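Breakdown of the fold
Listed here are the chains, written in short residue letters.
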Amino acid sequence: MTAPLPKQSTIAVWGGETGHERYERATQVPVVHSVSFGYSDLDTWHAVALGRESGHIYTRNSNPTVRAFEEKIRDLEHAPAATSFSSGMAAISATLFTLLRPGDRVVSIKDSYGGTNKLFGEFLPSFGIEAVLCETGEFAQIEAEIQRGCKLLYLESPTNPTVKVVDIERLAQAAHAVGALVAVDNTFATPINQNPLQLGADLVLHSATKYLGGHADALGGAACGSQTLVGRLQHFREINGAALAPMDAYSLLRGMKTLALRVERQNQSALMIARWLRAQRCVEQVNYPGLEAHPHHDIARRQMRGFGGMLSFSVRGGLAAIRLILPRLRYAHRAANLGCVETVVGPPQVTSHVECSAEERAAAGIPEGLLRYSTGIEDVSDLIADLQHALAVIS
Ligand SMILES: *Cc1c(COP(=O)(O)O)cnc(C)c1O
């Protein structure tokens, strides 16, 4: 009998952790800070440098600690290959600059991560690459834009900060029909809740800084997909130089061991908080894909195993109300981050959409009274009591 395929929580612990010779039989992945790796035998050195034999030459290209991180995320995304970057933005920019050429057209959504949006609006056009940003929930419009010409379909689901859900399977089919590649930023969902490759994506990208690491103490990024695609990104990364540092790889690896535990708790707590918020009179709107009222709840049910820890809600009284509520929260960092063990809150006008005008935020469907809430792993009754105490100031 063959052993059953391991589940995500088992992979989170063991992925990338076996099959290596360990220094002094250490059970944990050692942090190899060395920048270079020495060879007394010229033939072996040559074979490793050409990739014909396994081994490392120079840490900008590969490193044992970084390799373990790459293998863990590769296994969690059920991908043939994975490579790593110094941050999520390094992974995203490597993807766009590797796969696109002057004259190409990339189709994406308006609600992509702020930094990604800057690449589309500010950097790609100066290389003669056109980025078409569609309304996130308008799948027919996205399909029509794909048919007008598309080299790469770039998606994110759920999105920031209004937690919209994109039908990855449907749009990947449309993109493949015109010979385009599909990349999906899976940072918000994590591989515990969603595996975009199984929905038809060619590449999955991560800001490992968020849920994968989970402790807000290391920057990192990853890309997972076929050997060929990942090999092209890795080649760009080796030359562009945005390599993941060994110590950060170690911190991320340690965080990832508890990824399934954390995300399962965050899924549960976020759903309870979203339901509680909906019943509050001072709350105007709650965005969470796990709520039946969410416009794409059915798609979320189909493509996700859990609805994630991210939610957002708007309160009566706009920014003035937010100013009163925020200082009263006891169990929340007020910061521009998400996905860590602590609850983190922030209004989009100082976090994800700080560079937009009020009109641009309104056009993106972001009311001034919106608060993004990244649910931590605290006891949910404490989080709800905390919100209740904070919201009492406006009710
Ligand atoms: C934070 C984030 C990024 C950028 O990641 P960094 O590690 O900060 O560079 C990209 N996409 C999403 C969805 C993010 O939340």
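In case you missed it, the structure is sitting above this.
Residues numbered from 1 in each chain as written. Predicted model: local features only at pLDDT ≥ 70, side-chain atom pairs only at ≥ 80, totals over all residues. Heavy atoms only, no water.

1. Let's talk about the nonpolar core
Selection rule: Side-chain atoms within 4.5 Å link the members of a nonpolar core, which is a set of buried Ala, Val, Leu, Ile, Met, Phe, Trp, Tyr and Cys residues. When accessible area is computed with a 1.4 Å probe and restricted to protein chains, residues below 20% of their type maximum are described as buried, those above 50% as exposed, and intermediate ones as partly exposed.
Among the nonpolar cores identified, the biggest contains 56 residues, and Ile142, Leu153, Ile273, Leu277, Leu311, Phe313 and Leu391 are the most heavily contacted of them. Residues Ile11, Ile73, Ala79 and Val263 belong to the second largest nonpolar core, which totals 30 residues.

2. Some thoughts on the sheet that holds strand E5 (residues 181-185)
What counts, and what does not: Note on pairing: two strands pair once DSSP finds at least 2 bridges between them. Numbering goes from the N terminus for both helices and strands, where a helix is a DSSP run of H or I of at least four residues and a strand is a run of E of at least two. Orientation is described by lines fitted to C-alpha atoms, with helices fitted over the stretch in contact, and by angles between N-to-C directions that extend from 0 to 180 degrees. Any two residues having at least one pair of non-hydrogen atoms within 4.5 Å are treated as being in contact.
Read from one edge to the other, the open sheet built from seven strands follows the order E1-E7-E6-E5-E4-E2-E3, with strand pairing classed as mixed. The outermost strands of the open sheet, each flanked by one partner alone, are strand E1 (81-85) and strand E3 (130-134). Sheet twist, expressed as the mean angle between neighbouring strand axes with direction ignored, is 20°. Relative to strand E7 (residues 221-225), E1 runs antiparallel, the two sharing five bridges. When the sheet's bridge partners are listed, Ala81 is paired in E7 with Gly225. Packed onto the sheet, helix H3 (residues 64-76) meets E1, strand E6 (203-207) and E7 and runs at close to 130° relative to E1. The strands touched by helix H6 (residues 139-147) are strand E2 (105-109), E3 and strand E4 (152-156); relative to E2, the strand with the most contacts, the crossing angle is about 175°.

3. Observations concerning the environment of Val106
Its location among the elements puts Val106 in strand E2. The class for Val106 is buried, based on a relative accessible area of 1%. Sequence separation between Val106 and Asp248 is 142 residues, and the spatial gap between their C-alpha atoms is 31 Å. In contact with Val106, not counting residues within four places along its chain, are Leu100, Phe120, Leu124, Ile129, Glu130, Ala131, Val132, Leu152 and Tyr154.

4. What about the packing of helix H4 (residues 88-99) against helix H5 (residues 114-123)?
The condition that has to hold: For a crossing to be left-handed, the near helix must be turned anticlockwise from the far one by less than a right angle; the clockwise case is right-handed. Polar here means any residue outside two lists: the nonpolar Ala, Val, Leu, Ile, Met, Phe, Trp, Tyr, Cys and Pro, and the charged Asp, Glu, Lys and Arg; Gly therefore counts as polar.
Contact geometry for H4 and H5: axes closest at 10 Å, N-to-C directions at 35°. Of the two elements, H4 crosses H5, and the hand of that crossing is right-handed. Judged by residue contacts, Met89, Ile92, Ser93, Leu96 and Phe97 of H4 engage Gly115, Thr116, Leu119, Phe120 and Phe123 from H5. Across the contact of H4 with H5, the residue classes tally to seven nonpolar, three polar and no charged.

5. Quick word on the layout of surface pockets
Which entries qualify depends on this criterion: Cavity: a set of points on a 1 Å grid over the protein atoms alone where a 1.4 Å probe fits but cannot get out. Pocket: an open set with protein on both sides within 12 Å along at least five of seven lines, its lining residues, like those of a cavity, having an atom within 4 Å of a point. Grid points are joined across faces, edges and corners, and a volume is the space filled by probe spheres set on the points.
Estimated volume of the largest pocket: approximately 630 Å³. Considering the residues around the largest pocket, the lining is formed by 25 residues, among which Gly114, Asn117, Ser352, His353 and Cys356 are closest to the centre. Elements with a contribution of two residues or more to the lining of the largest pocket: H5 and helix H14 (358-363). For the lining of the largest pocket, the element with the highest residue contribution is H5, accounting for five residues. Here the residues of the lining of the largest pocket sort into eight nonpolar, ten polar and seven charged. Quantified by volume, the second largest pocket comes out at close to 430 Å³. Its residues placed into classes, the lining of the second largest pocket shows eight nonpolar, six polar and four charged.

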